[in-house]
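# Results of the structural survey
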Amino acid sequence: MGKRCRALVEQLWKGLGQAIPLACQDWSQTKAAYRFLSNERVSEQEVLSGHFEASSQRFKSTEGIILVLQDTTTFSFRREHPERIGYLGKSFSLKNEPIMQCGILMHSSLAVTTEGVPLGLTAIKFWTRDKFKGCTALKRKINPTRVPIEEKESSRWLENLRQSTALLGDPGRCVQVGDRESDIYELFCLAQELNTHFLIRTCVNRLVGDGGHTVKDEMEHEKIAGLHTIKLCDTKGGYSEACLEVKFRRLRVLPPLGKQKYYPTQEVTVIHAYEPTPSSERERIEWKLITSLPVETLEDAIEKLEWYAMRWKIETFHKILKSGCRAENSKLQTAERLTKLIAVYCILSWRIFWITMLARAFPSAPVELALTQQEETLLNQLVNDSPSAERLPPLQQVLLKLAKLGGYLARSGDPPPGNTVIWRGIRRLTDIQLGYELARERCG
């Protein structure tokens, strides 16, 4: 099975973003791919097992804090028999008729350095829903706060926390980063149990101290520690600045009322960063973070804000999955096949992301960490060096050429190459590489 998995990864890499028949090129290879994806003895965890081990090795080769980003995304499909995949929710047609959406949910954990380099996935969970009623309908029947965490979909945050911590083996270096959906008291307690850390955006106004007041009450009376200026990028590629007022305070938070018998109080640091005079052209910036890490100075608080800003990296990873690998274009008919295929795409998406970020964060790194010797040779022959590129380190020079294959213009005011031009360049390079290999076999 391992041999077939490696062959499928290689075929889909060479046919990045293409359907399985086009990537495999002939019926025998295509049939072998379908058999692999249909094999009940193969799971998505086994497909990713080698990647998980490589992520662990990359983690061990680094030093300092590593951010483990968690997030959930959905893959939507249109099928004649949606029950074979599962349901996501409702949408409406042009005639305002309700349509049930089918698809798969994926919750992943991505380890990145504080510079933003993705070391790899550390945990992943796929699931589907047999039926969809909507959160509002469910709340009419049950009180969500009274339901054990094990019976909720929210348990995926805890499962990924356990799996990531066990895989990496050094919980003190890890900081679990999540959005407001991860504001779960059980996650705070589990992180303390595993001797690891968390940094999440909070949405719950929890009771603190003796239970007579809340986090909001405490933070309203907290003095402003200082100011922090951030750069913003709009949809048109323009840049602007925003000045945030920053507060922070160490608090003792209490469990929810229905769970105070089962969970202890937690010592956490609350950080508030907000824009006092918001711009009329965009929404007001307001971050409310909660972390188990100590924050004693304004510099510590700003560092945590910058770490949380790295959470967008996992959104970028999901974008590569859907736009670069085109995971939602697959025509497979069952959830079991689709989850294994998406697991393979996860490996390919990580490599694209790795290549893009490695040149930005570590420009002096060896070229072979990103590309093979043959790929480097072909790029040097295909794309000429520009005068400005000659001053760049070798890795940045080569990846600049790869981006140019994907349509990057490399003008003086352009930002560094992004994932889109990198995956386009990879597609062209793999086609050119195939032609090069065939010509070499015929001509010697």
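It should be emphasised that the depicted structure is a prediction, and the values quoted were computed from it without experimental measurement.

### Let's talk about the overall build of the protein
For the protein, the helix and strand inventory stands at 15 helices and twelve strands. In terms of overall size, the protein behaves like a compact globule, its C-alpha atoms giving a radius of gyration of 24 Å where 444 residues would be expected to give roughly 22 Å. Taken along its principal axes, the extent of the C-alpha atoms in the protein is 85 × 55 × 50 Å. Classification of the 444 residues of the protein by burial places 49% in the buried group. Restricting to contacts in the protein with at least 6 residues of sequence separation, those with at least 24 account for 64%. As displayed, the protein has an accessible area near 23,200 Å², and 50% of this comes from carbon and sulfur atoms. The average position of the 62 basic charges and that of the 53 acidic charges among the side chains of the protein differ by 6 Å.

### Looking at helix α10 (residues 298-309)
Between its first and last C-alpha atoms α10 spans 17 Å; for twelve residues at 1.5 Å apiece the expected length is 16 Å, and the two agree. Listed as buried for α10 are L298, A301, I302, K304, L305, W307 and Y308.

### A look at the side chain of S108
Counting through the fold element by element, S108 comes out in strand β3 (residues 98-113). Here H318 takes part through its side chain, which lies 3.1 Å from a polar atom of the side chain of S108. The residues touching S108, leaving out its near neighbours within four places in the chain, are L69, Q70, D71, L121, A123, I124, N160, I314 and H318.

The rules we used
- Residues numbered from 1 in each chain as written.
- Predicted model: local features only at pLDDT ≥ 70, side-chain atom pairs only at ≥ 80, totals over all residues.
- Heavy atoms only, no water.
- Helix = DSSP H or I, 4+ residues; strand = E, 2+ residues; numbered from the N terminus.
- Rg over C-alpha atoms; globule rule 2.2 N^0.38 Å.
- Buried < 20%, exposed > 50% of the residue type's maximum accessible area, 1.4 Å probe, protein only.
- Contact = heavy atoms within 4.5 Å.
- Areas by Shrake-Rupley, 256 points an atom, 1.4 Å probe, with all protein chains shown as cover.
- Lys, Arg positive; Asp, Glu negative; His and termini not counted.
- Charge placed at Lys NZ, Arg CZ, Asp CG, Glu CD.
- Expected span 1.5 Å × (residues − 1).
- Polar contact = N/O pair within 3.5 Å; in protein donor to acceptor, adjacent residues only side chain to side chain.

These figures come from the coordinates and say nothing about function on their own.
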